[in-house]
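Commentary on secondary and tertiary structure
Okay, here's what each chain looks like letter by letter:
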Amino acid sequence: KIEKKKKVSVSFKAFISVLKRNKPFQIFVAAYMCIGLGIGMYFGLFFIFVDSYLGQGEHYAKLFSLSLVVSLISIPLVYRVIALTGKKWAWGLSLLLMTLSIFYSGQLRPGEDVFFSLLIVKIVFDVGGAMLPMIILPLLNESIDYGLLSNKTERRGLYFSIYSLLVKFEAALGLALGLAIAGWLGFDATATTHGEAS
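Residues numbered from 1 in each chain as written. Predicted model: local features only at pLDDT ≥ 70, side-chain atom pairs only at ≥ 80, totals over all residues. Heavy atoms only, no water.

**A closer look at the side chain of D126**
- Here D126 lies in helix α6 (residues 114-151).
- Look at D126 and you get buried, because its relative accessible area is 15%.
- Ignoring sequence-local partners within four residues, the contact set of D126 consists of S67, L68 and S71. (Helix = DSSP H or I, 4+ residues; strand = E, 2+ residues; numbered from the N terminus. Buried < 20%, exposed > 50% of the residue type's maximum accessible area, 1.4 Å probe, protein only. Contact = heavy atoms within 4.5 Å.)

**Observations concerning helix α7 (residues 156-184)**
- Under the 1.5 Å per step criterion, the end-to-end length of α7 is 41 Å for 29 residues, consistent within 8% with the ideal 42 Å.
- Just downstream of α7, G186 is the residue with a positive phi angle, here 105°. (Expected span 1.5 Å × (residues − 1).)

**Description of the environment of L119**
- In this structure, L119 sits in helix α6.
- On a C-alpha basis, the gap between L119 and F64 in space is 8.3 Å, while along the polypeptide they are 55 residues apart.

**Comments concerning the pattern of salt bridges**
- The full count for this structure, using the stated rule, is two salt bridges.
- Between D126 and K122 there is a salt bridge; the shortest N-O distance is 2.8 Å. Placement of both D126 and K122 in helix α6 is noted, with a separation of four residues, approximately one turn of the helix. Here D126 and K122 have matching classes, each one buried. (Salt bridge = Lys/Arg side-chain N within 4 Å of Asp/Glu carboxyl O.)

**So, helix α3 (residues 60-73)**
- In a regular helix each residue adds 1.5 Å, so 14 residues correspond to 20 Å; α3 covers 20 Å between its end C-alpha atoms and thus fits that length.
- Buried-residue contacts for α3 involve α2 (23-53), α4 (75-85) and α6.

**With respect to the packing of aromatic side chains**
- Inspection of the entire model under this criterion finds 15 aromatic pairs.
- Look at F28 and Y32: their rings are 5.9 Å apart centre to centre, the planes differ by 5°, and that puts the pair in the stacked class. Residue F28 and its partner Y32 are both found in helix α2; the two are separated by four residues, about one turn of the helix.
- Residue classification places Y32 among the buried residues on the basis of a relative accessible area of 11%.
- With centroids separated by 5.5 Å and ring planes inclined at 50°, the aromatic side chains of Y32 and Y163 adopt a geometry described as tilted. Pair noted here: Y32 is in helix α2 and Y163 is in helix α7, with a separation of 131 residues, a long-range link. Y163 carries the same exposure label as Y32, and that label is buried.
- Taken together, the ring pairs in this structure connect F25, F28, Y32, W91, Y159, F160 and Y163 into an aromatic cluster.
- One residue, K62, lies across the ring of F115, its end atom 5.2 Å from the ring centre.
- Over the ring of F46 we find K122; its NZ or CZ atom is 5.9 Å from the centre of that ring. (Phe/Tyr/Trp six-rings, centres within 6.5 Å; stacked < 30°, edge-to-face > 60°. Lys NZ or Arg CZ within 6 Å of the ring centre and 35° of its normal.)

**Quick notes on the environment of G55**
- Assignment of secondary structure puts G55 in the loop between α2 and α3.
- Once the C-alpha coordinates of G55 and A182 are considered, the two residues, 127 residues apart in sequence, prove to be 19 Å apart.

**Side note on the packing of helix α5 (residues 87-105) against α6**
- The N-to-C vectors of α5 and α6 enclose an angle of 150°; their axes lie 8 Å apart at closest approach. Our classification of the angle between α5 and α6 gives roughly antiparallel. Relative to α6, the crossing made by α5 is left-handed.
- Considered class by class, the residues forming the contact of α5 with α6 number 17 nonpolar, six polar and two charged. (Axes fitted to C-alpha atoms, helices over the stretch in contact; angles between N-to-C directions. Parallel < 35°, antiparallel > 145°, perpendicular 65-115°, else oblique. Left-handed = near helix turned anticlockwise from the far one by under 90°. Nonpolar A, V, L, I, M, F, W, Y, C, P; charged D, E, K, R; others polar.)

Don't take any of this as a statement about function, it's just geometry.
Rendered as structure tokens:
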């Protein structure tokens, strides 16, 4: 038992030292943390915004279904864009699309014609979001390969485990943070109607 504990401890220390020397992975984690927190906050508040403010809660499933179909159809086009521009430019384009979508959704006001505008916003966000997995996993692999070349030690499983943990951690933290910020700014989730300021 003592030998096993010692072995795990040494292995963990070695991995931490490898992470300290792998700058591409550090940059990847920092960038992905920002994206993951933002997306978590967006999804944590989006339904409340659609239902409580825009009054489109009954159309929420239809909105997501239509947007999902369009984003799935766009995948071949998205793949071509990534092949033409490269991963880094495509990552920037995907973030730009999602950011524009989030910004424009804040400009929407309740009304009978808001569903179509909301659908456009969601489609733009989902097309940008469809690019992310096709970009992030190859970028993760490049940073892992850098670690392999510079350290001569195979640790792909540990790198991917950290990435998988980050995905879950960021979604939960982003969702909680979004709700906490909204509450801190005066949003009352128990209210039945919400004004523009809320």
